[in-house]
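A look at the structure
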Amino acid sequence: MAVNTWDGAADTDWNTAGNWDTTGVTDRVPTSADDVVIANVSNKPVMGDGLNPTLLSLEVAASSQLTCGANTITVTSARGGYAFNVSGTLVPSGSTVVLSGIGSDAYTKVDTGSFNNLTINSSGDTIQLGNNLTVGGALTITAGELDIKTRTLTVTGDVSVTGTLTGNASAISMGSLTIASGGTYNATSGTTTLTSEGGGNTLTINASGGVFNHNKGLVKCTFSGNTNMYITTAAGNGGLWDLEIVGSSIHYYYVTPTILNNVTVTSGSFNSGNNTEPLIIRGNVYVASGATMFAAAQSGAVTIDGLLTNAGTYRTSSAANNLNGGVRNLG
């Protein structure tokens, strides 16, 4: 095991031994036995495509830069509490960073730049964010936990969770979210914003073991399109707390059809995908002007604490319509 420090003595090529100062051994291109430090020197390293290095840990010093290329960069340990520590700039290119088998709880951070794809595969470990983080591609949590702490997480692509994603009170934005069997999303008590659909679905909670802990947070769908939300309330799932639809046509599929607090349709429409099943919304439904609650006819009973509209449209069910708090037109 060695600390391998970039000195850029030859050029900018990561794969040139003369660019490295390896403690205790002959200078070498980093191996799986190395903690790698990218020092702030004139020649900034560029990783050629297809190298796919495995490292113990990776640190990019302040004012320095690493260009990742089209590579899978696997990090397997931590140094100074950090597995992946970018105080400078990360140029992600087409890379995937994998934090695998870290062996202890650790932080990751990128001060400037972003990840492209990020995979957490570290069973029994918790990876914590050391600052606000952007993932330009996909976030996959195969094993272990990603704890957002008090930071902001922005994922442009889709999120798949077989391990655990913990939001605390953070602001979290992602494309779509799939909670696979064995996966857990401890939702933020703030807002989880969903911005796209993955495989035709926006939010999928696997009926055979995916767990969504709402923590009284808001799930907000903000995109233009017609898509599905597959929500189950299998063991461990209490359902969604608050739901807001903005610009979307959401078809809500469920096993136990309950939303535990309020539904706001700011624009677009909310539709019961299983429209023959009863639907229970334990809070209020607010339908803004131009928005629609139930664009398609319902034949299952609907129970809502209260209905508030501002020139929005509510389509009644041919079965029971239990509006326990009555109807109020705010327009």
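Structure shown above.
Everything in this summary refers to the structure shown in the same document. (Residues numbered from 1 in each chain as written. Predicted model: local features only at pLDDT ≥ 70, side-chain atom pairs only at ≥ 80, totals over all residues. Heavy atoms only, no water.)

Turning to the overall build of the protein chain, a few remarks are in order. Helix and strand counts for the protein chain come out as zero helices and 33 strands. Referenced to the eigenvectors of the C-alpha coordinate spread, the extents of the protein chain come out at roughly 80 × 35 × 30 Å. Looking at the protein chain as a whole, 49% of its 331 residues are labelled buried. Taking the contacts inside the protein chain whose residues are at least 6 apart along the sequence as the reference set, 33% of them involve residues at least 24 apart. Just so you have it, the protein chain exposes about 12,200 Å², and 46% of that area is on carbon and sulfur atoms. (Helix = DSSP H or I, 4+ residues; strand = E, 2+ residues; numbered from the N terminus. Buried < 20%, exposed > 50% of the residue type's maximum accessible area, 1.4 Å probe, protein only. Contact = heavy atoms within 4.5 Å. Areas by Shrake-Rupley, 256 points an atom, 1.4 Å probe, with all protein chains shown as cover.)

Attention now goes to the side chain of T108. Looking at the secondary structure, you find T108 in strand 10 (residues 106-113). Here the side chain of T108 touches F84 through a polar contact of 3.2 Å, landing on its backbone oxygen. Residue contacts for T108: discarding those within four places in its chain leaves Y82, F84, L99, F115, I127, Q128, L129, G130 and N131. (Polar contact = N/O pair within 3.5 Å; in protein donor to acceptor, adjacent residues only side chain to side chain.)

Where a strand is regular, its side chains alternate between the two sheet faces. In this structure, strand 28 (residues 279-287) lies alongside strand 30 (residues 302-309), joined through seven bridges in parallel fashion. In the sheet register, V287 faces strand 30, and the bridge partner there is T309. Bridge count for strand 30 against strand 32 (residues 321-323) is three bridges, and the pairing is parallel. Residue pairing across strands places V302 opposite N321, the latter belonging to strand 32. (Pairing = 2+ DSSP bridges.)

Let us now look at the packing of aromatic side chains. Scanning all chains against the criterion turns up eight aromatic pairs. Between Y252 and F270, the ring centres sit 5.6 Å apart and the planes meet at 35°, which makes this aromatic pair tilted. Here the residue Y252 occupies a position in strand 24 (residues 242-254), and F270 occupies one in strand 27 (residues 268-272), the gap between them amounting to 18 residues. As far as the burial class goes, Y252 and F270 line up, both buried. Taken together, the ring pairs in this structure connect Y252, F270, F294 and Y314 into an aromatic cluster. (Phe/Tyr/Trp six-rings, centres within 6.5 Å; stacked < 30°, edge-to-face > 60°.)

Time to look at the nonpolar core. In globular proteins that are soluble, nonpolar side chains generally tend to be buried together. By size, the foremost hydrophobic cluster in this structure holds 72 residues, and its most contacted members are L99, L165, L243 and F270. Once residues lying within four places of it in the same chain are set aside, the contact partners of L99 are V75, A83, F84, T108, L118, T119, I120, N121, S122 and I127. (Core = buried A, V, L, I, M, F, W, Y, C linked by side-chain atoms within 4.5 Å.)

Tracing the chain through its elements places D35 in strand 3 (residues 34-38). Note on D35: relative accessible area 9%, which makes it buried. Sequence-distant contacts of D35, that is, excluding residues within four places in its chain, are made with M1, A2, V3, N4, L56, S57 and R79. One polar contact links D35 to S57, side chain to side chain, over a distance of 2.6 Å.

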